[in-house]
Amino acid sequence: MGGLVPFNEVWRAGANNATTFETDKEITVEGAKLPAGKYSFFVIPGKEFSTIIFNKVAEQWGAYKYEESQDQLRVKVKQKASAALTESLVYKVNKDNVTLSWEKWDFPIKVQ
């Protein structure tokens, strides 16, 4: 973060396509409600906090056609340094959270 993926710019959080996030019921993400639906998942990395974005236009290629006006939900999370280097983007899904790990960073996101 801050190099290949610049700070304060929308990152697709996937290889070529933005990651698709789908839920069949309303959930809570970092205390905010996210309706049932299918979303593209983006991150705006910052130096101390990052913005997690669920965008209503699912299955986007990259972030080239990303439009903020289509965001369903934006939440802030505090990223932390990883215990180990993660060469490939990894999503760890647990009962109450999803953690995005890449390079030397973890982005924990509370999901209920």
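Residues numbered from 1 in each chain as written. Predicted model: local features only at pLDDT ≥ 70, side-chain atom pairs only at ≥ 80, totals over all residues. Heavy atoms only, no water.

### Digging into the sheet that holds strand S4 (residues 37-44)
The following threshold applies: In short, DSSP must find at least two bridges between two strands for them to pair. By definition, any uninterrupted DSSP run of H or I lasting at least four residues is a helix, any uninterrupted run of E lasting at least two residues is a strand, and each is numbered from the N terminus. For helices, the fitted axis covers only the stretch in contact; all axes are lines through C-alpha atoms, and the angles between them, taken along N-to-C directions, range from 0 to 180 degrees.
Taken together, 4 strands build an open sheet; the order of strands is S1-S4-S5-S6 and the sheet is antiparallel. If you trace the sheet from one side to the other, it starts and ends with strand S1 (19-23) and strand S6 (71-77), each paired once. Strand-to-strand, the axes of this sheet are offset by a mean angle of 30°, without reference to chain direction. In terms of strand pairing, S4 meets strand S5 (residues 50-55) through 5 bridges, oriented antiparallel. Its bridge partner being in S5, valine 43 is matched across the sheet by isoleucine 52.

### Here we look at the pairing of S5
What counts, and what does not: Only protein chains enter the accessibility calculation, which uses a 1.4 Å probe; a residue whose area is less than 20% of its type maximum is buried, one above 50% is exposed, and one in between is partly exposed.
Most of S5 sits out of view: 6 of its 6 residues are buried. Side chains Ser50, Ile52 and Phe54 project from S5 onto one buried face, and the interleaved Thr51, Ile53 and Asn55 project onto a second face that is buried too. Taking the residues between adjacent antiparallel strands as the criterion, S4 and S5 are bridged by 5 residues. By the bridge criterion, 6 bridges tie S5 to S6 in an arrangement that is antiparallel. Considered in S6, the bridge of isoleucine 53 is made with arginine 74.

### A few points about the environment of lysine 76
This is how it is decided: Any two residues whose heavy atoms approach within 4.5 Å are treated as being in contact.
Inspection of the secondary structure puts lysine 76 in strand S6. When neighbours within four sequence positions are excluded, lysine 76 is seen to be in contact with Glu30, Phe49, Ser50 and Thr51.

### A look at the pattern of salt bridges
Condition: A pair is scored as a salt bridge if a Lys or Arg side-chain nitrogen falls within 4 Å of a carboxyl oxygen belonging to Asp or Glu.
Under the defined criterion, the tally for this structure stands at 4 salt bridges. With a closest N to O distance of 3.9 Å, glutamate 68 and arginine 74 form a salt bridge. Via salt bridges that share partners, Glu68, Asp71 and Arg74 belong to a single interconnected network.

### What to know about the nonpolar core
The condition that has to hold: Side-chain atoms within 4.5 Å link the members of a nonpolar core, which is a set of buried Ala, Val, Leu, Ile, Met, Phe, Trp, Tyr and Cys residues.
Core analysis: the largest hydrophobic core is formed by 20 residues, its most contacted members being Val29, Phe41, Val43, Ile52 and Phe54. Mapped by element, the contributors of at least two residues to this core are strand S2 (27-29), S4, S5, S6 and strand S8 (97-110). At 6 residues, S8 tops the list of elements feeding residues into this core. Setting aside residues up to four positions removed in sequence, valine 29 forms contacts with Leu34, Phe54, Leu73, Val75, Ile109 and Lys110. The next biggest cluster of nonpolar side chains, apart from the first, holds 5 residues, and it includes Phe42, Ile44, Ile53 and Tyr66.

### Things to note about the packing of aromatic side chains
Quick note on the threshold: Pairs were defined over the aromatic rings of Phe, Tyr and Trp, the Trp ring being its six-membered one, requiring ring centres within 6.5 Å. Orientation was assigned from the angle between planes: stacked under 30 degrees, edge-to-face over 60, tilted for the rest. Here, a charge over a ring means that NZ of Lys or CZ of Arg falls within 6 Å of the ring centre while also lying within 35 degrees of the ring normal.
Counted according to the given criterion, the structure contains 6 aromatic pairs. Ring plane angle 70° and centroid distance 5.1 Å describe the contact between phenylalanine 21 and phenylalanine 54, whose orientation is recorded as edge-to-face. Of this pair, phenylalanine 21 sits in strand S1 while phenylalanine 54 sits in strand S5, and the two are 33 residues apart along the sequence. Members of the aromatic cluster, each reached through a chain of ring pairs, are Phe21, Tyr39, Phe41, Phe54 and Tyr91. Here the guanidinium or amino end of lysine 78 rests over the ring plane of phenylalanine 49, the centre of that ring lying 5.1 Å away.

Keep in mind these values describe shape, not function.
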